[in-house]
Amino acid sequence: MTTIPSRKARHVKRKHWALLAAATTLPLAVTTGAAAETPGQGPAPAVTCAYTPAVPADNFKGIPVFDAKKAARPYTATLKTSQGTVTFQALTDKAPCTTFSFRFLAEHDYFDRTHCHRLTTQRLYVLQCGDPTGTGSGGPGYSFPDENLDGATYPAGTVAMANAGPNTNGSQFFFVWKDTKLSPAYTPFGRVTGGMDVLQRIAAGGEDDQNGPGDGFPTLPVDFKRVRIGNH
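Residues numbered from 1 in each chain as written. Predicted model: local features only at pLDDT ≥ 70, side-chain atom pairs only at ≥ 80, totals over all residues. Heavy atoms only, no water.

A. The arrangement of the side chain of T92 in detail. Here T92 shows up in the loop between β5 (84–90) and α2 (96–107). Leave out the neighbours within four places in its chain, and T92 touches A71, A72, R73, P74, Y75 and T99. (Helix = DSSP H or I, 4+ residues; strand = E, 2+ residues; numbered from the N terminus. Contact = heavy atoms within 4.5 Å.)

The following block contains the structure:
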């Protein structure tokens, strides 16, 4: 089981948040609560989310305290980038822990003035972002479990979490700019509602192959000016 090589050699104590090749799978561990209703048994227990302290803690903003009422509110994320604006609708009903974390980080300006560090243009078709160090090994100082993996697919417009293995979600995420086959190991938590043309233009610009053919730093720099949350 191997990951696609990272942008450069990393410090041995840092995990590398990466995407695996399409045919690989990851073992799963920690579980989260459920929110569905079981016929004849009444509502299931409310969703609870655990955010566990973890290293690294880059640009540390604290650790979220889950608020189920706030987590249930639909929202749209607007990402103003140097290449144009991308918006996505958060899947708060399917991935409440993930979308709550993204909201927390965005509301604390975590993503502002960061950049997308990885573009893949062969086999996998994604733009990976969310690392304040820009190295592919940065994280927010906490981790949380996977969600929404049952039957997960990754068509164009999917927004999903990158990870370093099971239940290691942090701040790194990726946009799928072209239909992509991946094992269901990366939490889908959003759908692009605007800016697919921006993502496809970034992809058409290519990358520098520093991780291998079709995998490297985007030729067109993708800097986040602002990432804002708006009520749907």
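The discussion continues.
B. Here's a closer look at the nonpolar core. Core analysis: the largest hydrophobic core is formed by 41 residues, its most contacted members being F88, F102, F111, L127, F173 and F175. Top element by residues in this core is α2. It accounts for six residues. Aside from chain neighbours lying at most four places away, what touches F88 is Y75, T76, A77, L79, F102, V159, F175, F189, G190, R191, V192 and T193. Counting residues in each nonpolar core, the second largest holds twelve residues, with Y154, A160, A162 and V176 among its members. (Core = buried A, V, L, I, M, F, W, Y, C linked by side-chain atoms within 4.5 Å. Buried < 20%, exposed > 50% of the residue type's maximum accessible area, 1.4 Å probe, protein only.)

C. Region of the structure containing the packing of aromatic side chains. In the structure shown here, the tally under the stated rule is 20 aromatic pairs. Grouping aromatic residues by their ring pairs yields a cluster made of F88, F102, Y110, F111, F173, F175, F189 and F224. (Phe/Tyr/Trp six-rings, centres within 6.5 Å; stacked < 30°, edge-to-face > 60°.)

D. Representation of the environment of V126 within the structure. When you line up the elements, V126 lands in strand β7 (residues 126–129). Taking the C-alpha atoms as reference, V126 lies 9.2 Å from D179; in sequence the two are 53 residues apart.

E. Region of interest: the sheet that holds strand β12 (residues 215–216). Across the sheet, nine strands lie side by side as β12-β6-β7-β10-β9-β11-β5-β4-β13; this open sheet has antiparallel pairing. Two strands bound the open sheet, and with one partner strand each, they are β12 and β13 (224–231). Bridge count for strand β4 (residues 75–81) against β5 is six bridges, and the pairing is antiparallel. Across the sheet, A77 pairs through a bridge with F88, a residue of β5. Lying on the sheet, helix α3 (residues 196–204) is in contact with β5, β6 (118–120), β7, β10 (173–176) and β11 (188–194); it crosses β5 at an angle near 120 degrees. (Pairing = 2+ DSSP bridges. Axes fitted to C-alpha atoms, helices over the stretch in contact; angles between N-to-C directions.)

F. Quick look at the state of the cysteines. Applying the stated rule across the entire model yields two disulfides. Between the sulfur of C49 and that of C97 lies a disulfide, 1.8 Å long from S to S. With the S-S bond torsion at -80 degrees, the cross-link from C49 to C97 turns out left-handed. Within this pair, whereas C49 is found in the loop between β2 (42–43) and β3 (52–57), its partner C97 is found in helix α2, the two being separated by 48 residues in sequence. Considered together, C49 and C97 belong to a single accessibility category, that of buried residues. Across the disulfide, C116 is cross-linked to C129 (sulfur-sulfur distance 2.1 Å). (Disulfide = S-S within 2.5 Å.)

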